[in-house]
Amino acid sequence: MTRKLKHGQYRPLVLVAFLLSLWQVGQAQEAQGASPSTPSGGAVTLLQNVRIFDGKSTTLSGPRNILVRGNKIERISANPIATDRSATTVIIDGGGRTLMPGLIDNHWHAMLIRVTPAESLGDAGYNNLLAGAEATDTLMRGFTTVRDVGGPVFGLKRAIDEGVVPGPRIYPSGAVITVTSGHGDFRQLTDLPRAIGGPLARMEQLGGAMVADSPDEVRVRAREQLMQGASQIKLTAGGGVSSPFSPVDVSTFTEAELRAAVEAAENWGTYVTVHAFTPAAIQRAIAAGVKVIEHGMLMDEATAQLMAKKGIWLSMQPLPEGLRLGFPEGSVQRAKADEVWPGITRTYELAKKHKLKTAWGTDVLFSRVLAQQQGAILASLTRWYTPAEALIMATSTNAELLVLSGKRNPYPGKLGVVEEGALADLLVVDGDPIANIKLIEDPAKNFVLIMKDGKIYKNTLGR
Ligand SMILES: [Zn+2]
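Predicted model, so just to flag it, every value in this text is computed and none were measured. All residue numbers refer to position in the chain's written sequence, counted from 1. Whole-chain, interface and lining totals are the exception, using all residues; otherwise, since this is a predicted model, local features are given only for residues with pLDDT of at least 70 and side-chain atom pairs are given and counted only at 80 or more. With hydrogens and water stripped out, all remaining heavy atoms of the structure feed into the side-chain values.

A. Structural view of the sheet that holds strand 7 (residues 143-148). Pairing between two strands is assigned when DSSP locates at least 2 bridges connecting them. In this description a helix means any DSSP run of H or I spanning at least four residues, a strand means any run of E spanning at least two, and both kinds are numbered starting from the N terminus. A sheet is described by the order of its strands in space; here three strands give the open sequence 6-7-8, paired in parallel fashion. The sheet is open, and its two borders are formed by strand 6 (103-108) and strand 8 (169-172), each paired with just one other strand. Shown here is a sheet whose adjacent strand axes are inclined to one another by a mean of 15°, direction ignored. As judged from the four bridges shared by strand 6 and strand 7, these two strands associate in the parallel manner. Note that in strand 7 the partner of I104 across the bridge is T145. Between two residues, a contact is recorded if the distance between any of their heavy atoms is within 4.5 Å. Interaxial angle, 0 to 180 degrees, is taken between N-to-C directions of lines fitted to C-alpha atoms, where a helix line uses only the stretch in contact. Taken strand by strand, helix 3 (residues 124-140) contacts strand 6 and strand 7, and its axis lies near 125° from that of strand 7.

See the structure below:
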């Protein structure tokens, strides 16, 4: 009894130590300028003399003033906007610089950037702290929203939304659902055979990926993600490059299994997106009711036609060479990458030819260095698109895809545009990114103001 009491007495101390460490993390971030510097609620910011890229138009507006109240854009005007000029109103002179919507990365894995594949199966506490630090960097690169297509990201999302750690808005999928041997099944051969109804593999316990080999299993796993707050459900419909036992040519889930996920998601008011490269995998997914295809790099003309006809989204990534070269020469993964990479140009050409609804993302995995090139990967779209088209894709077009989450949209309100009534996720760029898209490759230098949800996370313009 006495021992028990004594033990209990330490608990407050442990809690204080923990809170103190969080406070110290917060202090460090403030030093970097990552903590919001305006109070929430009724905060008012007046940005004067900016030229606006609104997320839709291919040209900048003339000089404008813009008033942000709370988390929304209240007014945009060419004339001066009257404010009460009280101490709580932050007035910033944009000096003729460019104001644009915060960037959106529609294929991100917030939990899988700084860790190695082995570490991702390790200490969840450590991995969450790493992911929190990376989320702050992501926001400071000007990415105010990410669509997370696989990983145990619910805790990170909650911490960001609660203001514990600065980071982007996260549209979480939770665990990727895969078949035995499919893309996302990172078990080893020594883990086989799986006892049906037996214990979960480590990746499943952590919520990174779930193996499902029947419509019933798919339903359970999909509903578990929805229960945790998934805004969409992600399955892998075909083989992948980075997973050890899934050749890229294979189709994995049966149509009935895919349809089970689609039914679960649609009953919940949202949608299913699938990882798929080949025409067979893409066409089967579409037949099952899937709304978004991730990658699609090995698609053919007939598949592109089908996607156009049915209004299916293509969520594409201009995968950087560095990612392909990162797979060791002679490895299975490298051979698969060599097969997929030439498909990037082919698929972008098909997407343009058939006017597919095309979203943009990076799919950075296991590399902090590549993550730092998030803006450069966006700028690399100019191999196929004009700078304005690339910027429109990463703002208003990506936001259009996010709307598919319906009532499961965690951030109702307009994203990806600068217009009255839209959510105030805004960047001020020192220069014109339409004339020089390379500006977005160096966000530390060129993004002089970063606002998310009406709160200022960076401001080197002064007030
Ligand atoms: Zn991915």
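B. Broad picture of the nonpolar core. For this analysis, a nonpolar core means a set of buried residues of the types Ala, Val, Leu, Ile, Met, Phe, Trp, Tyr and Cys, connected via side-chain atoms within 4.5 Å. Between buried and exposed lies partly exposed: a residue is buried under 20% and exposed over 50% of the maximum accessible area for its type, with that area taken using a 1.4 Å probe on protein chains only. Within the largest apolar cluster, 98 residues are counted, with the highest numbers of intra-cluster contacts made by L156, L235, V274 and I293. For I293, the contacting residues outside a window of four places in its chain are T273, V274, A276, I282, A285, I286, M307, I312, W313, L314 and S315. If you look at the next biggest cluster of nonpolar residues, it comprises 19 residues, including I52, I73, V428 and M451.

C. Main features of the coordination of the zinc ion. Donor atoms from the polypeptide that coordinate the zinc ion comprise H107 (NE2), H109 (NE2) and D363 (OD), at 2.1 to 2.2 Å from the metal. Spacing between the donor residues of the zinc ion along the chain follows H-x1-H-x253-D. Assigned by exposure class, H107 and H109 land together as buried. Counted as coordinating are nitrogen, oxygen and sulfur atoms within 2.8 Å of the metal, or 3.2 Å for Na, K and Ca, while water is not included, which may make sites look incomplete.

D. Quick look at the pattern of salt bridges. Here, a salt bridge means any Lys or Arg side-chain nitrogen found within 4 Å of an Asp or Glu carboxyl oxygen. Within this structure, the stated rule accounts for 25 salt bridges. Close ionic contact of R221 with E224 constitutes a salt bridge, the shortest N to O distance being 3.0 Å. Of this pair, R221 and E224 both sit in helix 6 (residues 215-227), three residues apart, roughly one helical turn. What makes E224 partly exposed here is its relative accessible area of 30%. Taking the shortest distance from any N to any O, the salt bridge between K353 and E301 comes out at 2.6 Å. Linking K353 in helix 12 (residues 342-353) with E301 in helix 9 (residues 301-310), this pair joins segments that are 52 residues apart in sequence. Relative accessible area serves as the criterion here: at 55%, K353 is assigned to the exposed category. Classification of E301 as partly exposed rests on a relative accessible area of 34%.

E. A look at the environment of P152. One can find P152 in the loop between strand 7 and helix 4 (154-161). Taking the C-alpha atoms as reference, P152 lies 34 Å from Y385; in sequence the two are 233 residues apart. Apart from residues no more than four positions distant in its own chain, P152 is found in contact with M111, L206, G207 and G208.

F. Representation of the side chain of S396. Of note, S396 is situated in helix 15 (residues 387-402). Since its relative accessible area comes to 10%, S396 is described here as buried. Contacts described as polar in this section are N or O atom pairs within 3.5 Å, which, within protein, must combine one atom able to donate a hydrogen with one able to accept it, while residues neighboring in sequence count only if both atoms come from side chains. Of note is the side chain of S396, whose polar atom sits 2.6 Å from the backbone oxygen of G55. Those residues in contact with S396, other than ones at most four positions away along the chain, are G55, K56, G416 and V417.

G. Region of interest: unusual backbone geometry. For the peptide bond that leads from L192 to P193, omega is -10°, which places it in the cis range. Tracing the sequence through the fold places P193 in the loop between strand 9 (176-178) and helix 5 (202-206). One non-glycine residue, N49, adopts positive backbone phi at about 55°. In this structure, N49 sits in strand 1 (residues 44-52). Given the relative accessible area of 31%, N49 is considered partly exposed.

H. Structural detail: the side chain of R147. In this fold, R147 is placed in strand 7. Assessed through its relative accessible area of 0%, R147 is described here as buried. A polar side-chain atom of R147 sits 2.7 Å from a polar atom in the side chain of E294.

I. Spatial organisation of a nonpolar patch on the surface. A cluster of nonpolar residues, L189, L192 and F245, forms a patch on the protein surface that exposes about 270 Å² of accessible area. Look at L192 and you get partly exposed, because its relative accessible area is 41%. A patch consists of residues whose relative accessible area exceeds 30% and which take part in no salt bridge; residues with like charges are grouped when within 9 Å of each other, and nonpolar side chains (Val, Leu, Ile, Met, Phe, Trp, Tyr) when within 5 Å. Where accessible areas are quoted, they stem from the Shrake-Rupley method and a 1.4 Å probe; at the residue level, only the protein chains shown are allowed to cover.

J. Seen up close, the environment of A281. Its location among the elements puts A281 in helix 8 (residues 279-287). Remark: the alpha-carbon pair of A281 and G238, spanning 43 residues in sequence, is separated by 5.6 Å. With residues near it in sequence (within four places) discarded, A281 still touches A237, G238, S251 and A276.

K. Just the packing of aromatic side chains, in detail. Pairing of aromatic rings covers Phe, Tyr and Trp, the last through its six-membered ring, and needs centres within 6.5 Å; plane angles under 30 degrees mean stacked, over 60 mean edge-to-face, and all others mean tilted. Here the structure, examined in full by the defined rule, presents four aromatic pairs. With a centroid separation of 5.5 Å and an interplanar angle of 65°, the aromatic rings of Y171 and Y411 are classed as edge-to-face. Of this pair, Y171 sits in strand 8 while Y411 sits in the loop between helix 15 and strand 16 (426-429), and the two are 240 residues apart along the sequence. The class for Y171 is buried, based on a relative accessible area of 1%. Taken together, the ring pairs in this structure connect Y348, W384 and Y385 into an aromatic cluster.

L. Representation of helix 8 within the structure. Those residues of helix 8 that sit buried are A281, I282, A285 and I286. Each buried residue of helix 8 sits inside an arc of 130° when the element is viewed along its axis, so together they form one side. At its buried positions, helix 8 is contacted by helix 7 (255-267), strand 12 (272-276), strand 13 (292-295) and helix 9. Just past helix 8, the residue G289 takes up positive phi, approximately 100°. By construction, the arc corresponds to the directions joining the helix axis to the C-beta atoms.

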